[in-house]
Amino acid sequence: MRNHTGPVEGGSRQHKSRLGPAPHRRRYVFNARPKAQVIYMKKNIIHVMEGNPTAEVNAMHNYRRALGQFATGITIVTALDAQGKPVGLTANSFTSVSLKPRLISWSLGKESKNAPAFLEAEGFCVNILTSRQQVLSDRFANGGIDKYEGVDWEPSTCGAPKLKGVAANFECRLHSAIEAGDHYMFLGEVVEYSSQIVDPLLFVAGSYARVERASAAS
Ligand SMILES: Cc1cc2nc3c(=O)[nH]c(=O)nc-3n(C[C@H](O)[C@H](O)[C@H](O)COP(=O)(O)O)c2cc1C
């Protein structure tokens, strides 16, 4: 709900007379009492939730916590905007979709200010971070700064920034973008890729994590 500060719906309650119902007496229905609201800030946007906000917030929190049990790597997905300026963001929604042809996907929140650039770009580059690149992950998850300042990169085949020193990168031609709820899901056809043998950065239960190899099952 972006900047949603619309009129507050009133609670509807029938006001019953102590004298009991009678056909000649008026029944009052009043809508004056506003529903409870929760106002919170997310990414510098004020959100106002109405209805049963505590239950909604708890339900969302529980759902996100359940999703967070799925451990992922961390990527920075990059592209060039219409002016040729590099854009990008930290994303852990990356996954392989098909081996033949080579298709991968990732999802972008519709409220990202980079959404128009990714929708218009002819391709993008997925950069998988190493365990030493947590600072880079934090930087590209921050919408309010020049993300590329001091970052070493070169253009990929479609122009999208290929970050140097990453665990792997996948240069992709845009295959399709699907509107999916509050996200766009991007499918990319891999045209080039490279990788090095190095530990990736992990993300699980809302925190960064490192690889610890399991010993053989006894
Ligand atoms: C570990 C991690 C994973 C993230 N994964 C995604 C993701 O898959 N898709 C997404 O849209 N945002 C994701 N984000 C949030 C974006 O990186 C963040 O909202 C970023 O500021 C968006 O930048 P923009 O608004 O400049 O596009 C993730 C953030 C972190 C820290």
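Thresholds, definitions, all that
Residues numbered from 1 in each chain as written. Predicted model: local features only at pLDDT ≥ 70, side-chain atom pairs only at ≥ 80, totals over all residues. Helix = DSSP H or I, 4+ residues; strand = E, 2+ residues; numbered from the N terminus. Buried ≥ 20, exposed ≤ 12 C-beta atoms within 10 Å, placed from the backbone. Contact = placed C-beta atoms within 7 Å. Near = placed C-beta within 6 Å. Nonpolar A, V, L, I, M, F, W, Y, C, P; charged D, E, K, R; others polar. Pairing = 2+ DSSP bridges. Core = buried A, V, L, I, M, F, W, Y, C linked by C-beta atoms within 7 Å. Axes fitted to C-alpha atoms, helices over the stretch in contact; angles between N-to-C directions.

Draft legend 1. View of the overall build of the protein chain. The helix and strand inventory of the protein chain stands at three helices and 16 strands. Counting every position in the protein chain, which comprises 218 residues, the buried fraction comes to 22%. Here the contacts in the protein chain between residues at least 6 apart in sequence split such that 60% fall between residues at least 24 apart.

Draft legend 2. Molecular detail of the site of the ligand. Taken together, 16 residues form the shell around the ligand, and within it Ala 91, Ser 93, Gly 109, Ser 112 and Gly 143 come nearest. Counting only elements with at least two residues in the shell around the ligand, the list comes to strand E7 (86–91) and strand E9 (103–109). Of the residues that constitute the shell around the ligand, the class distribution is six nonpolar, nine polar and one charged.

Draft legend 3. The sheet that holds strand E15 (residues 202–204), seen in detail. Strand order in the open sheet made by the three strands is E5-E15-E16, with antiparallel pairing throughout. Unpaired on one side and paired on the other, strand E5 (72–73) and strand E16 (207–209) mark the two borders of the sheet.

Draft legend 4. Structural detail: the nonpolar core. Ranked by size, the top nonpolar core spans 32 residues in total, and within it Val 77, Ala 79, Phe 118, Ala 121, Phe 124, Val 126 and Leu 129 carry the most contacts. Those elements that place two or more of their residues in this core are strand E6 (75–80), E7, E9, helix H2 (115–120), strand E10 (123–128), helix H3 (134–140) and strand E13 (168–180). Residue contacts for Phe 118: discarding those within four places in its chain leaves Ala 79, Leu 108, Phe 124 and Phe 186.

Draft legend 5. Inspection of the sheet that holds E6 at higher detail. With antiparallel pairing, seven strands are arranged side by side in an open sheet as E7-E6-E10-E13-E14-E9-E8. Each end of this open sheet is capped by a strand with a single partner; those strands are E7 and strand E8 (95–98). Along the sheet, successive strands turn relative to each other by an average axial angle of 35 degrees, direction set aside. The pairing of E9 with strand E14 (residues 183–195) spans seven bridges and is classified as antiparallel. Its bridge partner being in E14, Trp 106 is matched across the sheet by Phe 186.

Draft legend 6. Local environment of unusual backbone geometry. Along the chain, Lys 100 connects to Pro 101 via a cis peptide bond; the corresponding omega equals 0 degrees. Relative to the helices and strands, Pro 101 is located in the loop between E8 and E9. Unlike most non-glycine residues, Ala 205 shows phi in positive territory, near 50 degrees. For Ala 205, the location among the structural elements is in the loop between E15 and E16. Residue classification places Ala 205 among the exposed residues on the basis of 11 C-beta atoms within 10 Å.

Draft legend 7. Local environment of the pairing of E9. With burial as the criterion, only one face of E9 is covered, namely that bearing Ile 104, Trp 106 and Leu 108; the residues Leu 103, Ser 105, Ser 107 and Gly 109 on the opposite face remain uncovered. Across three bridges, the pairing between E8 and E9 is antiparallel. Considered in E9, the bridge of Thr 95 is made with Ser 105. Turn length for the E8-E9 hairpin, with the two strands adjacent in sequence and antiparallel, is four residues.

Draft legend 8. Region of interest: the environment of Asn 44. Among the secondary structure elements, Asn 44 is positioned in the loop between strand E3 (38–42) and strand E4 (45–49). With 99 residues separating them along the chain, Asn 44 and Gly 143 place their C-alpha atoms 9.9 Å apart.

Draft legend 9. Summary view of the environment of Ser 107. Of note, Ser 107 is situated in strand E9. With 19 C-beta atoms packed within 10 Å, Ser 107 lands in the partly exposed category. When the C-alpha atoms of Ser 107 and Ile 178 are compared, they prove to be 9.2 Å apart, with 71 residues separating the residues in sequence. Not counting the four nearest positions on each side in its chain, Ser 107 is found in contact with Ser 93, Ala 180, His 183, Tyr 184 and Met 185.

Draft legend 10. Structural detail: the pairing of E7. When E6 meets E7, the two strands line up antiparallel, connected through six bridges. In the sheet register, Thr 78 faces E7, and the bridge partner there is Gly 88. Here E6 folds back onto E7 in antiparallel fashion, the turn holding five residues, of which Gly 84 has a positive phi close to 80 degrees.

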